[in-house]
Amino acid sequence: MSILIDDASGFQGEAERVVTPATFEEAAGVLRQANEAGIPVTISGAGTGITGGRCPQGGWELSLDGFRKVEAGSGFAKVGAGTLLKDLQAAAVAKGQFYAPDPTEWTASLGGTIATNASGSRSFRFGSTRRHLRSLTVAFMDGSVRTFQRGDKVEFPYTPLPAPATTKNTAGYFLPPEAEWVDLICGSEGTLGVVLEADVTLLPQPKDILSGVVFFEEDAATLAAVDEWRGVPQLRMLEYMDEPSLNFLRTSYGSEIPRQAKACLMIEQELDGLAGDPVDEWVERMEVAGALEDSWFGETAKDRERFRVYRHTLPELVNAKVRMNGFQKLSSDFAVPLERNAEMLSYYQETLNRDFPGKFTIYGHIGDAHVHVNILSESQADFDNGKQWMTAAAAHSVSLGGTVSAEHGLGKRKLHLLPLMFTSAQIEDMKAVKSRLDPQWLLGRGNLFSAR
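Below, the structure is looked at part by part. In this convention, every chain numbers its residues from 1, walking through the sequence in written order. Local features in this predicted model are restricted to residues whose pLDDT is 70 or higher, and side-chain atom pairs enter the listing and the counts only when it is 80 or higher, whereas totals over whole chains, interfaces and linings include all residues. Based on all heavy atoms of the structure, the side-chain values leave hydrogens and waters out of the count.

### Points about the nonpolar core
1) Next: Nonpolar core, defined: a set of buried Ala, Val, Leu, Ile, Met, Phe, Trp, Tyr and Cys residues in which side-chain atoms within 4.5 Å join the residues together. Relative accessible area decides the class of each residue, using a 1.4 Å probe on protein chains only: under 20% of the type maximum gives buried, over 50% gives exposed, and in between gives partly exposed. Counting residues in each nonpolar core, the largest one holds 107 residues, and the members touching the most others are Val200, Trp229, Tyr348 and Trp389.
2) Next: Contacts are assigned to residue pairs with any non-hydrogen atoms lying within 4.5 Å of each other. What Trp389 contacts, discounting residues up to four positions off in sequence, is Tyr347, Tyr348, Thr351, Leu352, Asp355, Phe356, Val373 and Ile375.
3) Next: One finds Tyr253, Met266, Trp296 and Val318 within the second-largest nonpolar core, a separate group that totals 21 residues.

Quick look at the structure:
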């Protein structure tokens, strides 16, 4: 009997068997057995992904739930790949530290975020997952297990590949000249090896953080503020929500959100070591930017949690709407160079208001020129047209020097976007790396590339 497996987007796959090893040796044995029998293996994390990466097309599902050890030290933590981010953060906080990558879904597994080189709201200052990896322990399809330290170079020959001029990217394999194993495995979407454990960097928890939700009456003023505020010292978050996003949140927050607000920016600034009065400085910035006076600010952990819940409530409401409508989620993950941010946002608003009026939201990491578009299909025609729009928008992103995937990966649902960004020859260069590490193409079959 086949076992149905889905992800947060509603995409479904099926496996003949689900295996949950608890040791490196057991995981290696499962892969070796599958390799000898020619059985495809798909890696499963916590199921929070939205590209179908963990949804198998037959074969075995390898669950990493057995790898949930967390040992936090000073400046680092040794973490099993099945560990949920919330548990890693809790272990870090107990020692006065934090793990910088901050994906929206804290119930994601560390292994899943490594597979997609995930980032999140704090990536504005701290970058994506790849930057915070010290070492990876990886099992390969031949049953071997290797631990790669930061700095260990890929020792086999390969053709280097170009990268977009964006602050974030996770489309295809990361193959610069002198590539490191840690960087190659991170973002490879479970197609090269199985990450079993990672050493990650932990940072000291700042003593003082100012956080806020700043509301605007118009998008033009919001975008101008983004350009001005990118240079604010020690700013670690710069997030955006459009008017449809605020309307979603009004169902939960009511009059707390100013009636005249048409957009908002969410900010966090670390205050340790800064001179002057940060509150006065933000009051001045808001006056210059034309922000609404009844914006929200706070300096306590309770305030930060309130604003975090506000930010995370939006995707939850959007996902609930998608499920109610009965269609898979259609969401973008494109990013462009910072100087093309306003141009890309204008493209989004013009085409979406024309083609999907009242059926979309735009929100996300505007500090990195990386916002997410969600099309809320209400009919099959909406869904079909939405898929076409996503492909056209991906091509437009690439035309501006951007990427088709900044943090979610392509998985199975979006692998058709890879040729928009890379030539056929470059994709063949990626496939050559895949063939070297997984000659039978059994691992993560259907992710990134069509199954052979």
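Alright, that's what it looks like, and here's the rest.
### Concerning unusual backbone geometry
1) Next: For Asn117, which is not glycine, the phi dihedral falls at a positive 50°.
2) Next: Only runs of H or I of at least four residues qualify as helices and only runs of E of at least two qualify as strands under DSSP, and these elements are numbered from the N terminus. Relative to the assigned elements, Asn117 resides in the loop between helix H3 (110-116) and helix H4 (123-126).
3) Next: A positive phi is found at Ala369, a non-glycine position, where the angle reads about 55°.
4) Next: Within the element layout of this structure, Ala369 appears in the loop between strand S18 (360-365) and strand S19 (370-375).

### Here we look at the packing of aromatic side chains
Any pair of aromatic rings gets described here by the distance separating the centres and the angle formed by the planes.
1) Next: Only the six-membered ring of Trp is used, alongside the rings of Phe and Tyr, when aromatic pairs are assigned; centres must lie within 6.5 Å, and planes under 30 degrees apart are stacked while those over 60 apart are edge-to-face, with the rest tilted. Taken as a whole, this structure holds 19 aromatic pairs when the rule is applied.
2) Next: Ring plane angle 70° and centroid distance 5.1 Å describe the contact between Trp296 and Tyr310, whose orientation is recorded as edge-to-face. Residue Trp296 is found in strand S16 (residues 296-298), and its partner Tyr310 is found in helix H9 (residues 301-325); the two are separated by 14 residues along the sequence.
3) Next: Residue class for Trp296 comes out buried when judged on its relative accessible area of 7%.
4) Next: Note on Trp441 and Phe449: the rings are 5.7 Å apart at their centroids and 50° apart in plane angle, and the pair reads as tilted. Taken individually, Trp441 and Phe449 each receive the classification buried, so the pair is uniform in this respect.
5) Next: Sitting over a ring, as applied to charges here, requires NZ of Lys or CZ of Arg to be within 6 Å of the ring centre and within 35 degrees of the ring normal. Above the ring of Phe174, the side-chain terminus of Arg130 is found at 4.2 Å from the ring centroid.

### Quick word on the sheet that holds strand S11 (residues 194-201)
1) Next: Should DSSP find at least two bridges between two strands, the strands are taken to pair. What the five strands build is an open sheet, ordered S6-S7-S11-S9-S10; its pairing is antiparallel. A single partner strand is all that each edge strand has here, and the edge strands are strand S6 (70-72) and strand S10 (145-149). This sheet shows a mean twist of 10° between the axes of neighbouring strands, independent of strand direction.
2) Next: Note: S6 against strand S7 (residues 76-80), three bridges, orientation antiparallel. Considered in S7, the bridge of Ala72 is made with Ala77. Only the stretch in contact is used when a helix axis is fitted, and all axes are lines through C-alpha atoms; the angle between N-to-C directions ranges over 0 to 180 degrees.

### What to know about the packing of helix H6 (residues 219-229) against helix H10 (residues 341-355)
1) Next: Taken N-terminus to C-terminus, the directions of H6 and H10 make an angle of 155°; their axes are 11 Å apart at the nearest point. By the angle between their directions, the pair H6 and H10 is classed as roughly antiparallel. Here H6 runs over H10; the crossing is right-handed. Residues Asp219, Leu223 and Val226 of H6 lie in contact with H10, whose contacting residues are Asn341, Ala342, Leu345 and Gln349.
2) Next: Looking at the contact of H6 with H10, its residues break down into four nonpolar, two polar and one charged. Our angle categories are set so that under 35 degrees counts as roughly parallel, over 145 as roughly antiparallel, 65 to 115 as roughly perpendicular, and the remainder as oblique. It is the rotation of the near helix from the far one that decides the hand of a crossing: anticlockwise by less than a right angle makes it left-handed, clockwise makes it right-handed. Just so you know the grouping, Ala, Val, Leu, Ile, Met, Phe, Trp, Tyr, Cys and Pro go in nonpolar, Asp, Glu, Lys and Arg go in charged, and all remaining residues, Gly too, go in polar.

### Focus on the sheet that holds strand S17 (residues 330-331)
1) Next: Pairing within the open sheet is antiparallel, and its seven strands lie in the order S16-S13-S15-S14-S18-S19-S17. The open sheet has two free edges, formed respectively by S16 and S17, since each of these has just one partner strand.
2) Next: Sheet topology places strand S13 (residues 209-216) next to strand S15 (residues 263-270); eight bridges connect them, and they run antiparallel. Across the sheet, the residue bridging to Phe216 is Ala263, located in S15.
3) Next: Along the sheet face, helix H7 (residues 243-253) touches S13, strand S14 (235-241), S15, S16 and S18 and points at about 95° away from the line of S18.
4) Next: Sitting on the sheet, H9 touches S13, S14, S15, S16, S18 and S19, and the angle it makes with S13 is about 50°.

### Here's the deal with the packing of H7 against H9
Helix-helix packing is characterised by the crossing angle of the two axes and by the distance between the axes.
1) Next: Following both chains from N to C, one finds H7 and H9 inclined at 105°, their axes separated by 9 Å at the closest point. If you check the angle between H7 and H9, you find them roughly perpendicular. Residues Ser245, Leu246, Phe248, Leu249, Thr251, Ser252 and Tyr253 of H7 form the contact with H9, whose participating residues are Arg306, Val309, Tyr310, Thr313, Leu314, Leu317, Val318 and Lys321.

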